[in-house]
Every structure is written in structure tokens, then in C-alpha cells.
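# Analysis of the macromolecular model
Listed below are the residues making up each chain.
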Amino acid sequence: MSAEASPLLILGIGNVLLGDEGFGVHVVEQLRLNPGSLPAGARLVDGGTLGIELLPLIEDAAALVMVDAVELGEAAGTLRCIEGDAIAGCFGGNLSAHQAGAADLIAVARLTGALPPRIALVGVQPESFGFSLELSPAVRAALPSAIEAVTRLARALTADACHACGGPSAL
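This write-up is about the structure you can find in this document. (Residues numbered from 1 in each chain as written. Predicted model: local features only at pLDDT ≥ 70, side-chain atom pairs only at ≥ 80, totals over all residues. Heavy atoms only, no water.)

Between its terminal C-alpha atoms helix α4 (residues 137-158) stretches 32 Å, which fits the 32 Å expected from 22 residues at 1.5 Å a residue. In the core, the buried residues of α4 are packed alongside β1 (8-13), α1 (23-32), β3 (63-69), β4 (79-83) and β5 (118-124). (Helix = DSSP H or I, 4+ residues; strand = E, 2+ residues; numbered from the N terminus. Expected span 1.5 Å × (residues − 1). Contact = heavy atoms within 4.5 Å.)

If you trace the backbone, threonine 151 turns up in helix α4. When residues no more than four places from it in sequence are discounted, the contact partners of threonine 151 are Leu31, Ser37 and Leu38.

What follows covers the environment of alanine 156. Tracing the backbone shows alanine 156 in helix α4. With 117 residues separating them in the primary sequence, alanine 156 and proline 39 have C-alpha atoms 9.5 Å apart.

Moving on, we get to the pattern of salt bridges. Enumeration over the complete set of coordinates arrives at two salt bridges. A salt bridge links glutamate 29 to arginine 32, with the nearest nitrogen and oxygen atoms 2.6 Å apart. Taken together, the residues glutamate 29 and arginine 32, both in helix α1 and three residues apart, mark about one turn of the helix. The class for glutamate 29 is partly exposed, based on a relative accessible area of 35%. (Salt bridge = Lys/Arg side-chain N within 4 Å of Asp/Glu carboxyl O. Buried < 20%, exposed > 50% of the residue type's maximum accessible area, 1.4 Å probe, protein only.)

It is worth spelling out the pairing of β3 at this point. Along any regular strand the residues' side chains alternate between the sheet's two faces. For β3, the buried fraction is high: seven of the seven residues fall into the buried class. Bridge analysis of β1 against β3 gives four bridges, and the strand direction is parallel. Looking at the pairing, leucine 9 lines up with leucine 64 of β3. Sheet topology note: the β3/β5 ladder contains seven bridges and is parallel. Within β5, the position partnered with leucine 64 by the bridge is isoleucine 119. (Pairing = 2+ DSSP bridges.)

Okay, structure coming up:
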């Protein structure tokens, strides 16, 4: 780990120009408004659509929480918390342009040994990826629950808790 190593990286992924695609970035921005709710040393990053370029940040983290719009096969706005190896399966099918980058990022981090041992994904089922700076009503309504889930995960992962979110469950 480098001098800027973090015990926890909270990484919001997505493109805010494409409606629900920007969900992860919106969550990180909301968390920035109340950083005291997170454990000391937690690092909030708007990862946008950078994909594999985020590898150095992941490499410097002891734990990782990713937040993203993910095809869950559920109603729009449904949240899921997924941990560990199950995360790799969330990026199949390339739901959006950045997800190939997110899948590559996880794969390369795993192959190079840079993937933290404690990882979780808070994913939301999107409704729309049309050009818009706004989230759809269903996904916007999921923001408070997502923020709560990320905060809970942040505390659990930095406390060395196992299965912080209890597996792939609805939130």
C-alpha cells in the first residue's frame, strides 16, 4: 500500500449523463455531504467510467465497496448487496458501456492480487439509460436506502466483519 492507502474505498461507478447509469456517482456525492457517517479513513471516489484506470485506487485499499447500476432482473429501483466472488457475475451481459470496464477492473485486480480481501457491491436495478442528468423516479427513491447500505457496509468491512451484507439480498 502507498502513503495514501485507505482502509476502505467507496467507489461510485457510472455516467451521470445517462440517467440511472450515474447511480453510483450520485450515491458517492450524497455521502460526501455527510462524511461523518463513515468510518475514519474511508475514501469516497467518483470513479465515473474510468474502468481499469481505477486499479491503483483499488490496490491501495484494504476493503472496497462499489456502487453501481446493475442488471438484477428485478423491478427498477431494487437494491441488492453482493459480496466477494459473486460480484464478478454482476457485470455479465454488458448492461451499460462502463460495465465492461468494471468487469475488467475486477478481473485485473483479482489476477494481479490487487483486489482487497473484503469487497461488496451495492447495486440498483436501473430503469432508463437515456440521455438525462436525472435519475428515474424509482432509482432516485432508492438513494436513501443505498446510502444507508453503503454506510452499514463501510462500518462492517472496516471492523473485519464477515459477510457484512448477508449475501445477495434485497435491501
